[in-house]
Protein chains: 2
Amino acid sequence: MSLNPTLPSAPAAPALTPEDLGVGARFTIAVMDGDFARIIVDALAAADSTDLVVVTDPVSTLVRGSEQRVLEYLSDVIAGASRGGHHVTASLLLSRGCPGEVTCSTTPGLLAEAAAVPVLPATGIRASAHWSLYPLDDTGRPGETPDHLRDIYEAIDYAKELGAYVRGEHYATLLEGDLADVLGAVAAGWVLVGRSVQHVTSHATLSIASPSEAAR
Amino acid sequence: MSLNPTLPSAPAAPALTPEDLGVGARFTIAVMDGDFARIIVDALAAADSTDLVVVTDPVSTLVRGSEQRVLEYLSDVIAGASRGGHHVTASLLLSRGCPGEVTCSTTPGLLAEAAAVPVLPATGIRASAHWSLYPLDDTGRPGETPDHLRDIYEAIDYAKELGAYVRGEHYATLLEGDLADVLGAVAAGWVLVGRSVQHVTSHATLSIASPSEAAR
């Protein structure tokens, strides 16, 4: 804990929930087959949503909960939708530190706590992704110097450790590997930057079983 | 033009190209049908790519050029892929002010110029979108006070004028309307915030002809 004790509203030992911290995701899965609706509905229904709030609307599915559970759920759903062998894409938005909308202001006392980097079991499904990571303020922890570039480099090193980092490209970083390692790299960047920046988002577009990938 | 004349590298009247400014997009289209590959390839081939650099890889398509031309191209391709009536989703990343990778540093002298808000002809295709807008620094123009929240509110007002704004939701803003107005709102936010923040990105996940939308 590193909350500023001079803040009048800071409790002695607050138990900040994922909801307090604005931790969650939105994702949209696409299955390139006429039977897409059944495949997506089945994948959503089969994934373990314990301890999560999951709300699906016509554009995307909102998932709220701890970093580890949110990532396990995303991996379950995307893997489940991919097991039929069809080409699948998924767009993914991870957000923490801003419970509200596009114009949220950051809230003193809610500085992101150092969550552990989510660890995901291998899926056996190969994925590629274009990944973008956005640190959205520089408030930093009281008494510490914020350094989100340090944390971004740490995230890229972590992606390399997972074997998922391929290269930086225009506007995004290319990741490839087991779906669990690609999601793990995207999530690690989000969590690691969240250690020095309250509001951080991580976007990725994933591609699985693309025919143009197979043709290379 | 508002380049700082004291910068040693600032030419007298530089003609900054979209490439200099890092103006461009990445997008991934998904067509929920077994014939997806032909539909997407045909939509890409039929769209007018005059004055654009377009590179398709297994994850996404990169488009570089002026704001107006990039948006016209995106509207053409997404509308073209949607005309067959299948459920289509598209993930979209607009970026300006950072020609490089995830860890780019902003460059003095490349502060985004005030591009006009792209104007797009109606497509007759109804779209929904979850939209996120990211101002990524607060350098501002020399002699001016940066105020990206002012510009974000202006962007939201513009989305309301287009009739595309529905409401803010967790992590994103819901837009609905003609594809041209939804893309117009996403692009307007990007361009308007680009007037006070050098590096700004705008992400959207679009949904067209969703069966769950039709069932509402």
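Every chain is numbered on its own, with residues counted from 1 as its sequence reads. Chain letters start at A and ligand numbers start at 1, both assigned in the order the entries are written. For a predicted model such as this one, the threshold for reporting local features is a pLDDT of at least 70, and the threshold for listing and counting side-chain atom pairs is 80 or more; totals across whole chains, interfaces and linings nevertheless cover every residue.

**Q** Give me the lowdown on the overall build of chain A, citing residues and values where you can.
**A** On a plain count of helices and strands, chain A comes out with 5 helices and 8 strands. Secondary structure elements follow DSSP: runs of H or I no shorter than four residues count as helices, runs of E no shorter than two count as strands, and numbering proceeds from the N terminus. The N-to-C order of helical and strand elements in chain A reads β-α-β-β-α-β-β-α-β-β-α-β-α. A burial count over chain A gives 52% of its 216 residues as buried. Residue pairs are scored as contacts if the distance between their C-beta atoms, which are placed from the backbone, is within 7 Å. Counting contacts in chain A only where the partners sit at least 6 residues apart, residues at least 24 apart contribute 77% of the total. Partly exposed residues are those whose C-beta has more than 12 but fewer than 20 other C-beta atoms within 10 Å; 20 or more makes a residue buried and 12 or fewer makes it exposed, with C-beta atoms placed from the backbone.

**Q** An account of the packing of helix H2 (residues 67–82) of chain A against helix H4 (residues 179–193) of chain A is needed here, citing residue identities and associated values.
**A** All names here are of chain A. Every angle, taken between N-to-C directions, lies between 0 and 180 degrees, and every axis is a line fitted to C-alpha atoms, over only the stretch in contact when it is a helix. Interhelical geometry of H2 versus H4 gives an angle of 150 degrees and a closest axis separation of 10 Å. In terms of orientation, H2 and H4 fall into the roughly antiparallel class. Handedness of the H2/H4 crossing: right-handed. Each of Glu67, Leu71, Leu74, Ser75, Ile78 and Ala79 in H2 lies in contact with H4, whose residues at this interface are Leu179, Ala180, Leu183, Ala187 and Val191. When residues are grouped by polarity, Ala, Val, Leu, Ile, Met, Phe, Trp, Tyr, Cys and Pro land in nonpolar, Asp, Glu, Lys and Arg in charged, and all others, Gly among them, in polar. Residues that form the contact of H2 with H4 fall into these classes: 9 nonpolar, 1 polar and 1 charged. Between 65 and 115 degrees an angle is taken as roughly perpendicular, under 35 as roughly parallel, over 145 as roughly antiparallel, and anywhere else as oblique. In this scheme the crossing of two helices becomes right-handed for a clockwise turn of the near helix relative to the far one and left-handed for an anticlockwise turn of less than a right angle.

**Q** Requested: an account of the environment of Ala90 of chain A, with residues and values cited.
**A** All names here are of chain A. Checked against the element boundaries, Ala90 lands in strand S4 (residues 88–96). Residue Ala90 is classed as buried on the basis of its C-beta count, with 28 C-beta atoms lying within 10 Å. Along the backbone, Ala90 and Tyr153 are 63 residues apart, and their C-alpha atoms lie at a distance of 25 Å. If we ignore the near neighbours within four places in the chain, the residues touching Ala90 are Phe27, Thr28, Ile29, Ile78 and Leu206.

**Q** Break down the interface of chain B and chain A for me, with residues and values.
**A** Counting residues at the interface gives 46 residues for chain B, matched by 45 residues for chain A. Those elements that provide at least two residues to the side of chain B that touches chain A are strand S1 (24–31), helix H1 (36–46), strand S4 (88–96), strand S5 (126–135), helix H3 (148–161), strand S7 (172–178), strand S8 (200–208) and helix H5 (211–214) of chain B. Tallying contributions element by element places S5 of chain B first for the side of chain B that touches chain A, with 6 residues. Classifying every residue of the side of chain B that touches chain A by side-chain character gives 20 nonpolar, 22 polar and 4 charged.

**Q** Quick rundown of the pairing of S4 of chain A? Include the residues and the values.
**A** Residues and elements named next belong to chain A. Counting buried positions over the 9 residues of S4 gives 9, a clear majority of the element. Residue alternation in S4 divides its side chains into two sets, Val88, Ala90, Leu92, Leu94 and Arg96 and Thr89, Ser91, Leu93 and Ser95, and both sets are buried. Following DSSP output, two strands are said to pair if at least two bridges run between them. Sheet topology places strand S1 (residues 24–31) next to S4; 8 bridges connect them, and they run antiparallel. Across the sheet, Ala30 pairs through a bridge with Thr89, a residue of S4.

**Q** Can you lay out the relation of the copies chain B and chain A for me, pointing to particular residues and giving the numbers?
**A** Expressed as a screw transformation, the operator carrying chain B onto chain A has a rotation angle of 180 degrees and an axial translation of 0.0 Å, and the superposed copies differ by an RMSD of 0.0 Å. A rotation of that kind, with that shift, is consistent with a two-fold axis. Counting the interface residues of chain B, we find that 98% of their copies in chain A are interface residues as well, pointing to one common contact surface. Only residues with pLDDT of at least 70 in both copies contribute their C-alpha atoms to the least-squares superposition of the copies.

**Q** Explain unusual backbone geometry residue by residue, including any values.
**A** Positioned with a positive phi, Asp51 of chain A is a non-glycine residue whose angle comes to about 70 degrees. Residue placement: Asp51 of chain A occurs in the loop between helix H1 (36–46) and strand S2 (53–56). On the neighbour-count criterion, Asp51 of chain A (14 C-beta atoms within 10 Å) is partly exposed. Of note, the phi angle at Tyr171 of chain B is positive, near 75 degrees, even though the residue is not glycine. In this structure, Tyr171 of chain B sits in the loop between strand S6 (165–169) and S7. With 25 C-beta atoms packed within 10 Å, Tyr171 of chain B lands in the buried category.

**Q** Describe in detail the sheet that holds S4 of chain B, supporting the description with residues and values.
**A** All names here are of chain B. Spatial strand order, S2-S3-S1-S4-S8-S5-S7-S6: 8 strands in an open sheet with antiparallel pairing. The open sheet has two edge strands with one neighbour each: strand S2 (53–56) and S6. Each adjacent strand pair in this sheet contributes to an overall mean axis angle of 20 degrees, direction not counted. As judged from the 4 bridges shared by S6 and S7, these two strands associate in the antiparallel manner. When the sheet's bridge partners are listed, Arg167 is paired in S7 with Leu174. With respect to the sheet, helix H4 (residues 179–193) is in contact with S4, S5, S6, S7 and S8, its orientation differing from that of S5 by roughly 10 degrees.

Taken by themselves, the reported measurements are silent on function.
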